[in-house]
Amino acid sequence: MTGDRVRLGMLGVLLLVTAWQARTLAAVPRATTNTPAGVQVLDTGADIPLSGGRLSLRLISDNVLHIHFIPAAGATPPTLVMAPGATGTSATPVAASRHGGDLLLNGGRLRFGVDAGSRTLTIFAAGARTPLLRIGRLGRLGRGTLVLHFPEGVPLYGIDGSDAFDRNPVGPLRRGKQVATAGAQGNAGAPFFWSTAGFGVLFDSQTATFDLMQGSVRVSKLSRPDPDFYLIAGAPAAIFAAVADLSGHAPLFPEWSLGFINSQWGIDQKELLQDVSTYRAKHIPLDAFELDFDWKAWGKDGYGEFRWNPQKFPDGPNGKLAGQLESLGVHLIGIMKPRIHADTEEGRYATTHHLWIPGEKPSPDYFSHLPVEDLDFDNPATRTWFFNPTLEHSFKTGIVGWWNDEADETGGNTQFLNMERAIYQGQRGISDTRVFSLNRNFWLGAQRYAYGLWSGDIHTGFASMAAQRPRMLSAIDVGEMWWSMDGGGFHGHPSDQNYARWIEFGAFTPIFRVHGVYQEKRQPWRYGPTAERAATHAMRLRYELLPYMYSYAWHDHVAGVGLVRPLTFGWPQDPHVRNDSSAWLFGEYLLVSPVVEQDQTEKTLYLPAGIWTDWSSGKVYVGGKSISLAVDGKTWSDIPLFIRQGAIIPTQPMEDYVGEHTVTTIQVEVFPDSALTDFNYYVDDGNTYDYEHGAYFLQRLSAQASPGAARLTTAAPSGAYRPALTHYVFAVHRMVAMQVTRDDAPLTRVADLGALQQCKDACWAIGGDRYGGVTYIKLPAGVTAGVQLTGEAGTR
């Protein structure tokens, strides 16, 4: 995670108001006490008089400028896009200077100002002569519009995605007219766009329309009469760190949610237990079962929408089923709907307390065929009531995850957000157990409420599977880092080959699950022995990577960038990856490009700059060009997966579910590079919010190669949590050491890897694998150490 702790201010920004032809930095004058008439200079910015109000400029961090037009009538409240208290100011004082009619304000790494005549704001990256952005005619803000100018050819991302019924979703790049909307059926939206050219712009608005043209963006149809937005400068990591600071950081999901989730519509307690028993007998990993309508007493009076169906799940209401499944390492996720039946106790309560969506009339439910109405989750009273004592009982008897469905059918950008907000706040009000949810659309700000997205009711087949790739990356590009899909497709029955390839794809997405329409089964053994073997291999590989994945879940929580990353995040200046959705980073050190074509025997993919090693074969590739790979068209068991030079990848032994075994030793795969690289290994109890109070374990692991040598470093850990982990076993690949020292003292060498596993403290051994020679080094976890390897490069 090189540079992962770099937060806002990664590049720094020079904000300078002049004509479009930029003056050089040398032209910036010395500070004076004179300012243009009517301008008020403050400690952190300035207020500029405009027709009908004033323009507030506030420096709120090293690389974020808050711009807010405040009418004479005053400002309106922030929208749900923004986290409470997100607009604090920077501690760096701002000093004023003047050059002719230009007001220049210095604030640490930032300079910004307003031209007294043209009312134009121009923004430069530090040291650059070409502007990032220019905003002219600032007076138009009073009419709710603005135009941002930038150099032609700048790529733009964000704003919106596509729904499940779009058979040809566009790639990540955005062009033309774009409407920011949460949408429906797996769409994700935000009033936000960004560029790999080094900037992002976030609007505090519930609506926004963007007209993207060559060299400019026109913004209109904002929901507030006082346009309020944030200019962010930096590389993608810095931009998304700022977006997380502004719109809210995602809390950690329970660790089990990184495992495999089997969703099914049409199941009862007997079948559920049989399926779980088969998973365990076959040692196919499984961590959760997701139940559709079947789990609840849908259509029954007495809060049937919130309680167990005792006919299908007789041991649900008393908690015995949950206890039995817990002993097998399986958690239950239950579907929730935004509607309730009108002619019931709960429906009459909703009528009396005005909880329905205004103007909506009862209509027959497609499943119960009884009259239902949709609840208005934008109403605080609805949210307070929704996590009622009946739902609380269902939670306490085993429904520990929430699958929120169909709240995207009533329009508006916040119905789904507020539905999950009700559940999140309700569960947190009674329990310290982490909240997990899946939802069918996304609007920025929802991530604050433990909010995952799935891509809607997609079709089966290879074309539909391939179409999920740009949909996933587009969701990430608007800030939703926790994405999922109905593996195998919701509509239809996948072929055996399609199922196998879909599982391999799903294993390298943030949330890994399968689902199908009523009575469709998605267990691996139902698709023939070849597909079962291929699927099981992919699932087990994911479970081996759990320490790696969970550390990136933490990184999303603190820095706003998660497990899956578009290639633009790593190579923002590479034109080959600008619109590429065929591959992505899985963490910082793995690149994956799943097979999504039927009967494919050869695959071409582009590897960005760097040295890459094929995970399965050990073959080494030089990046910056396309390569051709043979694809196994018979066993379907190959996953195009590549290791980035410099990689530090913690792994653990495969298990049938998260937490099945106490992990005392982590094996860390290291591919040292000449540049220093690092990885922040993170662990906590995996289930509660104690990490919010410092109960976590975080240790930075670093590696660097030099001719004939390599160095490993384990930094001092932080956090109050003490895991069961006692040792790391570093596997330093393509390095056959002749001597290993720890803190300048010789380290004990043992005969082989087996002997190393038995040594009590620290030792080393040499061996080999498909990547070449390996030096294995066992070190205590949680202590500071510097290890020097001297030897020679190992060959395969």
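Quick note: structure is the one above.
What you see is a predicted model; the values in this text were computed from it and never measured.

> Even after reading the chapter, I still don't get the state of the cysteines, so can you show me in this structure?
Note on terminology: disulfide describes a covalent bond linking the sulfur atoms of two cysteines. Under the definition given, this model contains 1 disulfide. Between the sulfur atoms of C759 and its disulfide mate C763 the distance is 2.1 Å. Here the S-S torsion is close to -80°, and the disulfide linking C759 with C763 is therefore left-handed. Assessed through its relative accessible area of 16%, C759 is described here as buried.

> In this structure, what is going on with the packing of aromatic side chains? I would like to understand it.
Describing an aromatic ring pair means giving the distance of the ring centres and the angle of the ring planes. On inspection of all chains with the given rule, the structure shows 51 aromatic pairs. Consider the rings of F203 and F229, whose centres lie 5.1 Å apart with planes at 25°: the pair is stacked. Remark: F229 occurs in strand β19 (residues 228-233) and F203 occurs in strand β16 (residues 199-203); sequence separation between them is 26 residues. Judged by relative accessible area, F203 falls into the buried class, the value being 0%. Note on W295 and W308: the rings are 5.5 Å apart at their centroids and 85° apart in plane angle, and the pair reads as edge-to-face. With a gap of 13 residues between them, W295 in the loop between β21 (288-291) and α3 (320-327) and W308 in the loop between β21 and α3 connect regions that are remote in the sequence. No difference in accessibility class separates W295 from W308, as the two residues are buried. In this structure, R428 packs its charged tip against the face of Y689, placed 3.5 Å from the ring centre.

> What exactly am I supposed to notice about the nonpolar core here?
In a soluble, globular protein the nonpolar side chains are often hidden away together inside. By size, the foremost hydrophobic cluster in this structure holds 216 residues, and its most contacted members are L231 and I777. Residues within four places of I777 in sequence aside, it is in contact with L712, Y728, V729, F730, V732, V740, L747, L756, C763, W764, V787 and L789.

> Looking at this structure, how should I read the sheet that holds strand β45 (residues 727-733)?
Picture the strands of a sheet paired through backbone hydrogen bonds; they go either parallel or antiparallel. Taking strand neighbours across the sheet as the criterion, the 5 strands line up as β40-β41-β45-β49-β48 in an open arrangement whose pairing is mixed. Sheet topology places β40 (648-651) and β48 (763-769) at the edges, where each strand pairs with a single neighbour. With direction set aside, neighbouring strand axes in the sheet form an average angle of 25°. With 7 bridges joining them, β48 and strand β49 (residues 772-780) adopt antiparallel strand pairing. The partner of W764 across the bridge, within β49, is I777. Docked against the sheet, helix α11 (residues 546-559) engages β40 and β41 (665-670), running at close to 115° with respect to β40.

> Honestly, the environment of D315 in this entry has me stumped. Any pointers?
For D315, the position within the fold is in the loop between β21 and α3. With relative accessibility at 25%, the residue D315 sits in the partly exposed group. For the pair D315 and T397, spaced 82 residues apart in sequence, the C-alpha to C-alpha distance is 9.4 Å.

> Mind showing me how you'd approach helix α6 (residues 389-396) here?
One turn of an α-helix holds 3.6 residues; hence residues three or four places apart share an orientation. Turning to α6, its buried residues are L391, S394 and F395. Buried residues along α6 cover an arc of 100° about the axis, so they all sit on one side. Exposed residues lying more than 90 degrees from the buried face of α6 are P389 and K396. The elements touched by buried residues of α6 are β22 (331-336), α5 (380-386), β26 (399-404) and α7 (415-430). Where α6 terminates, the next one or two residues include G398, which has phi positive at roughly 130°.

> Sorry, what's going on with the pattern of salt bridges here?
Taken as a whole, this structure holds 30 salt bridges when the rule is applied. Ionic pairing is found between K312 and D294, a salt bridge with its closest N-O pair at 2.8 Å. Remark: D294 occurs in the loop between β21 and α3 and K312 occurs in the loop between β21 and α3; sequence separation between them is 18 residues. The salt bridge involving R434 is made with D684; its shortest N-O contact spans 3.0 Å. Remark: D684 occurs in the loop between β42 (677-683) and β43 (697-706) and R434 occurs in the loop between α7 and β27 (437-439); sequence separation between them is 250 residues.

Basis of the calculations
- Residues numbered from 1 in each chain as written.
- Predicted model: local features only at pLDDT ≥ 70, side-chain atom pairs only at ≥ 80, totals over all residues.
- Heavy atoms only, no water.
- Disulfide = S-S within 2.5 Å.
- Buried < 20%, exposed > 50% of the residue type's maximum accessible area, 1.4 Å probe, protein only.
- Phe/Tyr/Trp six-rings, centres within 6.5 Å; stacked < 30°, edge-to-face > 60°.
- Helix = DSSP H or I, 4+ residues; strand = E, 2+ residues; numbered from the N terminus.
- Lys NZ or Arg CZ within 6 Å of the ring centre and 35° of its normal.
- Core = buried A, V, L, I, M, F, W, Y, C linked by side-chain atoms within 4.5 Å.
- Contact = heavy atoms within 4.5 Å.
- Pairing = 2+ DSSP bridges.
- Axes fitted to C-alpha atoms, helices over the stretch in contact; angles between N-to-C directions.
- Arc of directions from axis to C-beta.
- Salt bridge = Lys/Arg side-chain N within 4 Å of Asp/Glu carboxyl O.

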